[in-house]
Amino acid sequence: QVQLVESGGGLVQAGGSLRLSCAASGRTFSDSTMAWFRQVSGREREFVAGMSRLDITYYANSGKGRFTISRDYAKNIVYLQMNSLKSEDTALYYCAADQSSSVRVTTKSASYDYWGQGTQVTVSS
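Residues numbered from 1 in each chain as written. Predicted model: local features only at pLDDT ≥ 70, side-chain atom pairs only at ≥ 80, totals over all residues. Heavy atoms only, no water.

Caption draft 1: Expanded view of the state of the cysteines. For the structure shown, the criterion picks out 1 disulfide. One disulfide in the model links C22 with C95; its S-S distance is 2.1 Å. Looking down the S-S bond of the C22 and C95 bridge, the torsion is -80°, so its handedness is left-handed. Separated by 73 residues along the polypeptide, C22 in strand β3 (residues 18–24) and C95 in strand β9 (residues 91–98) bring together distant segments of the chain. Accessibility assignment for this pair places C22 and C95 in one class, buried. (Disulfide = S-S within 2.5 Å. Helix = DSSP H or I, 4+ residues; strand = E, 2+ residues; numbered from the N terminus. Buried < 20%, exposed > 50% of the residue type's maximum accessible area, 1.4 Å probe, protein only.)

Caption draft 2: Fine view of the pattern of salt bridges. Scanning all chains against the criterion turns up 3 salt bridges. When the shortest N-O distance is used, the salt bridge between E46 and R38 registers 2.5 Å. Taking the relative accessible area as the measure of exposure, E46 reaches 32% and is therefore partly exposed. A salt bridge links D89 to R38; its shortest N-O distance comes to 2.9 Å. You can see D89 sitting in the loop between β8 (77–82) and β9 and its partner R38 sitting in strand β4 (residues 33–39), a full 51 residues away along the chain. The buried category is assigned to D89, whose relative accessible area is 0%. The class for R38 is buried, based on a relative accessible area of 6%. Through salt bridges with shared partners, a single ionic network connects R38, E46, R66 and D89. (Salt bridge = Lys/Arg side-chain N within 4 Å of Asp/Glu carboxyl O.)

Caption draft 3: Structural detail: the layout of surface pockets. In this structure, the largest pocket spans a volume of roughly 170 Å³. Lining the largest pocket we find 13 residues, and of these R38, V40, R43, E46 and E88 sit closest to its centre. The class makeup of the residues in the lining of the largest pocket is 2 nonpolar, 3 polar and 8 charged. (1 Å grid on protein atoms, 1.4 Å probe; cavity = no way out; pocket = protein on both sides within 12 Å on 5 of 7 lines; lining within 4 Å. Points joined across faces, edges and corners; volume = space filled by probe spheres on them. Nonpolar A, V, L, I, M, F, W, Y, C, P; charged D, E, K, R; others polar.)

Caption draft 4: Looking closely at the sheet that holds strand β7 (residues 67–72). Across the sheet, which stays open at both edges, the 4 strands sit in the order β1-β3-β8-β7 with antiparallel pairing between neighbours. Each having just a single partner strand, β1 (4–7) and β7 make up the two edges of the open sheet. Each strand axis lies, on average, 15° off the axis of its neighbour in the sheet, ignoring direction. The pairing of β3 with β8 spans 6 bridges and is classified as antiparallel. Bridging across to β8, A23 finds its partner in I77. (Pairing = 2+ DSSP bridges. Axes fitted to C-alpha atoms, helices over the stretch in contact; angles between N-to-C directions.)

Next up, the structure:
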């Protein structure tokens, strides 16, 4: 069993930055692909960024050049640094873990086994 707890969301002005954190429990953190998704009410959950167990990263086009995913294996935490935020980045951000043996990052939410409760990011224009 893996538990994921996100933090770091909040209200920020357009152009600002936020760093989201996801603390993971369980011994399989290092073997998991970790990812961030986001969801706006009434819309499907969308992939934002992911990092495989071999530290291969993949970003959605929406965040390329602005978002950076990283992970601290000693602390079992995955981060999402978000810079140059835009109003369209406003969403509920979720952390997710994929415990398959894949070394690649999948963008499909159905492939992820565990999810956090989400942290709200609101960007004011």
